[in-house]
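# Geometric and topological summary
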Amino acid sequence: SLFTTAPDSTESITITGEESASELMQMLSLSPTEVPMLREVVFKDDSDNLIEFEQIASILAPAIFTEETAQGFQPDATYYTYTDENGTWFGFAAKLSSAADAAGIKASVSGIESNVEEITNFFISGAENPSDWKDGAAGGITTRYITFGSGGAFNYGWDNDVLLIGTSYPAFKEAGSRL
């Protein structure tokens with residue numbers, strides 16, 4: 001786990017790797033709760049092996065996380081959900097590998113801004129009516145974000161060599177505070 005402060009809970013979810021983005025997100029849904037909760041999610045296969053970042057990234061955003069880009073990250077990313085009164089929000093933290101071309105990977109990831117269609121794959125309840133991209137900050141992490149009229153906001157930013165993504169500002173901020 002990339003979290004230095006423990007999550008509120010941890011759950012392993014077994015997947016085949018053949019799931020669609022929508023099917024993957026449905027496995028993560030929880031009922032809304034008044035007291036926000038950050039849950040770390042560990043994706044495993046039938047043999048209890050960790051599913052590598054490259055495989056999850058290729059399900060969620062294959063045009064953004066091409067094989068070359070995804071291989072620039074360490075295979076053991078940290079996935080999380082943040083549940084509050086508005087629903088459950090997915091995100092992850094992925095650390096660059098020591099051999100990665102950091103500038104090249106960061107440039108590739110910024111291409112996410114021109115692919116809003118893939119961004120909607122990260123939302124458990126869907127995302128409609130996107131606004132324009134804006135600059136922001138959350139707990140010392142400079143971010144870029146886009147809000148959706150249907151609720152939530154896709155946030156991404158870099159904490160040194162760790163890419164943090166979240167689908168709501170509170171989720172992103174909470175996950176960032178635990179890195």
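Residues numbered from 1 in each chain as written. Predicted model: local features only at pLDDT ≥ 70, side-chain atom pairs only at ≥ 80, totals over all residues. Heavy atoms only, no water.

On to the overall build of the protein, then. Tallying secondary structure elements over the protein gives six helices and eight strands in all. For 179 residues, the compact-globule estimate of 2.2 N^0.38 gives 16 Å, and the protein sits close to it at 15 Å. When burial is assessed residue by residue, the protein has 45% of its 179 residues classed as buried. Within the protein, contacts between residues separated by at least 24 positions form 61% of all contacts whose residues are at least 6 apart in sequence. (Helix = DSSP H or I, 4+ residues; strand = E, 2+ residues; numbered from the N terminus. Rg over C-alpha atoms; globule rule 2.2 N^0.38 Å. Buried < 20%, exposed > 50% of the residue type's maximum accessible area, 1.4 Å probe, protein only. Contact = heavy atoms within 4.5 Å.)

Next up on the list: unusual backbone geometry. If you check the backbone angles, N129 has positive phi at about 60° while not being a glycine. Looking at the secondary structure, you find N129 in the loop between α5 (116–119) and β5 (134–138). At N160, a position not held by glycine, the phi torsion is positive, near 60°.

Right, let's talk about the sheet that holds strand β3 (residues 78–84) for a bit. One open sheet holds the eight strands; their spatial order is β1-β2-β3-β4-β8-β7-β6-β5, and the pairing between them is mixed. The sheet is open, and its two edges are formed by β1 (9–14) and β5, each paired on a single side. Shown here is a sheet whose adjacent strand axes are inclined to one another by a mean of 25°, direction ignored. In terms of strand pairing, strand β7 (residues 153–159) meets strand β8 (residues 162–166) through five bridges, oriented antiparallel. Bridge assignment links G157 to a residue of β8, and that residue is L164. With respect to the sheet, helix α2 (residues 53–60) is in contact with β2 (37–44), β3 and β4 (87–95), its orientation differing from that of β4 by roughly 135°. Contacts from helix α4 (residues 102–110) reach β7 and β8, with the element oriented near 175° to β7. (Pairing = 2+ DSSP bridges. Axes fitted to C-alpha atoms, helices over the stretch in contact; angles between N-to-C directions.)

For D84, the position within the fold is in strand β3. Judged by its relative accessible area of 5%, D84 is buried. For the pair formed by D84 and A171, sequence separation is 87 residues and the distance between their alpha carbons is 8.9 Å. For D84, the residues in contact, after removing those within four places along its chain, are P32, T33, P36 and W89. For D84, the side chain forms a polar contact with the main-chain nitrogen of N86, separated by 2.8 Å. Reaching out from D84, the side chain makes a polar contact with the side chain of W89 at a distance of 3.3 Å. (Polar contact = N/O pair within 3.5 Å; in protein donor to acceptor, adjacent residues only side chain to side chain.)

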